[in-house]
Amino acid sequence: MKKVFGVFGDPIGHSLSPAMHNAAFSALGMDCIYHAFRVKPEKLENAIFGAEAMGFGGLNLTVPLKEAALKLDCVKPDPLAVEIGALNTIVFRDGEILGYNTDGLGARQALLEFAVEMEGSKVLIAGAGGAARAIAFQLAADGAEVLIANRTETRAVELAEDISAAKLPGKVKGTGLHELGTLIRETDILINTTTLGMHPHRDASIAEAEDLHPDLTVFDIVYNPLETKLLKDAKAAGAKTVSGALMLVYQGAEAFRLWTGTEPPVELMKKTVMEALKV
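Residues numbered from 1 in each chain as written. Predicted model: local features only at pLDDT ≥ 70, side-chain atom pairs only at ≥ 80, totals over all residues. Heavy atoms only, no water.

A.B. asks: Would you explain the overall build of the protein chain in this entry?
C.D. replies: Summing up its helical and strand segments, the protein chain has eleven helices and twelve strands in all. A compact globule built from 279 residues would reach a C-alpha radius of gyration of about 19 Å, and the protein chain, at 18 Å, matches this within 12%. Projected onto its principal axes, the C-alpha positions of the protein chain cover 55 × 40 × 30 Å. Among the 279 residues that make up the protein chain, the fraction classed as buried is 53%. (Helix = DSSP H or I, 4+ residues; strand = E, 2+ residues; numbered from the N terminus. Rg over C-alpha atoms; globule rule 2.2 N^0.38 Å. Buried < 20%, exposed > 50% of the residue type's maximum accessible area, 1.4 Å probe, protein only.)

A.B. asks: What should I look at first to understand empty space enclosed by the protein in this one?
C.D. replies: Gaps left between atoms show up when a probe the size of a water molecule is rolled over them. One pass over the structure, following the stated rule, counts one cavity of 30 Å³ or more. Considered as a void within the structure, the largest cavity measures approximately 30 Å³ in volume. Around the largest cavity, the lining residues are Leu80, Ile84, Asn101, Gly104, Leu105, Ala134, Phe137 and Gln138. Counting residues per element, the ones that place at least two in the lining of the largest cavity are α4 (79–84), α5 (103–113) and α6 (130–141). (1 Å grid on protein atoms, 1.4 Å probe; cavity = no way out; pocket = protein on both sides within 12 Å on 5 of 7 lines; lining within 4 Å. Points joined across faces, edges and corners; volume = space filled by probe spheres on them.)

A.B. asks: Even after reading the chapter, I still don't get the packing of α5 against helix α10 (residues 244–260), so can you show me in this structure?
C.D. replies: In a pair of packed helices, the angle between the axes and the distance between the axes together describe the arrangement. Their axes nearest at 7 Å, the elements α5 and α10 cross at an angle of 130 degrees. The pairing of α5 with α10 is recorded here as oblique in orientation. Two packed elements cross with a definite hand, and for α5 against α10 that hand is right-handed. Contacts between α5 and α10 involve Asp103, Leu105, Gly106, Ala107, Gln109, Ala110 and Glu113 on the former and, on the latter, Leu246, Met247, Tyr250, Gln251 and Glu254. (Axes fitted to C-alpha atoms, helices over the stretch in contact; angles between N-to-C directions. Parallel < 35°, antiparallel > 145°, perpendicular 65-115°, else oblique. Left-handed = near helix turned anticlockwise from the far one by under 90°. Contact = heavy atoms within 4.5 Å.)

A.B. asks: I'm lost on the sheet that holds strand β10 (residues 189–192) in this one. Help?
C.D. replies: Within a beta sheet, neighbouring strands are joined by backbone hydrogen bonds and run either parallel or antiparallel to one another. If you trace the six strands from one edge of the open sheet to the other, you get β9-β8-β7-β10-β11-β12, paired in parallel fashion. At either end of the open sheet lies a strand with only one pairing partner, and these are β9 (172–175) and β12 (240–243). Across the sheet, the axes of successive neighbouring strands diverge by a mean angle of 20 degrees, strand direction being ignored. Bridge count for strand β8 (residues 145–149) against β9 is four bridges, and the pairing is parallel. Opposite alanine 149, over in β9, you have threonine 175 as the bridge partner. Helix α7 (residues 153–164) contacts β8 and β9 of the sheet and is inclined by roughly 170 degrees relative to β9. (Pairing = 2+ DSSP bridges.)

A.B. asks: Any chance you could explain the pairing of strand β11 (residues 217–220) here in plain terms?
C.D. replies: A regular strand places its side chains so that they alternate between the two faces of the sheet. Residues Thr217 and Phe219 of β11 are buried on one face, and the alternating residues Val218 and Asp220, pointing to the opposite face, are buried as well. Pairing of β10 with β11 involves four bridges; the strand directions are parallel. Within the sheet, the bridge partner assigned to isoleucine 191 lies in β11 and is phenylalanine 219. As paired elements, β11 and β12 share four bridges and run parallel to each other. By the bridge assignment for β12, threonine 217 is matched with lysine 240.

Here's what the structure looks like:
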């Protein structure tokens, strides 16, 4: 009988995780299958228990479940996930429900693929949700100077304080979205962790085109469409661009390792995602 894996979220119809993981399982000859399931936050605990009861091998969690999952008594979180304040990967092992966060590692690997130097860089992160937590934590650990900008300024400040409490090498501060253009012009790496620009709202962007500059690296974790308006404008400005599809692949590859103990076919996973997004 096939071992079932899945991703929980709401909405979830846009997810490319099933295509990516099913391609990996098939390539490795593993008798496994991966599905997407729409789960609302108030039903998350029941859904996790149900997956465990049915013998699932593991789960991914996406918006809006990453932070909510950490508050569940049924999940035993990894210390890193606790420090980040969100989790995106569930492993069922030896009668326990274990929680991890692979988002930060996925973002880090995506930036490294483009030889982006993080230590000492000024990083501006737009948004203060679960993905922003993971990325800010990882980049601060790598020695970057991180500024988190969010529509609700208090949330950005609170997140920055949470990460600063971990006493990481990099400094972290929070602010609002006022004077975003000025902040971008003083930034080395701009990362969008909001849903602005996601299909079907392809014309939306966190930044004005005129504020982007050639010395900037722009990383948009939105991966549908493959090239968001933010990335198009950044490319036109001569900036280096990093697609969110790479973060999807690398965080998924780390989850695959946690579930199976097997090295995933990363290049195949990347090819599968890229081809799906070009349709």
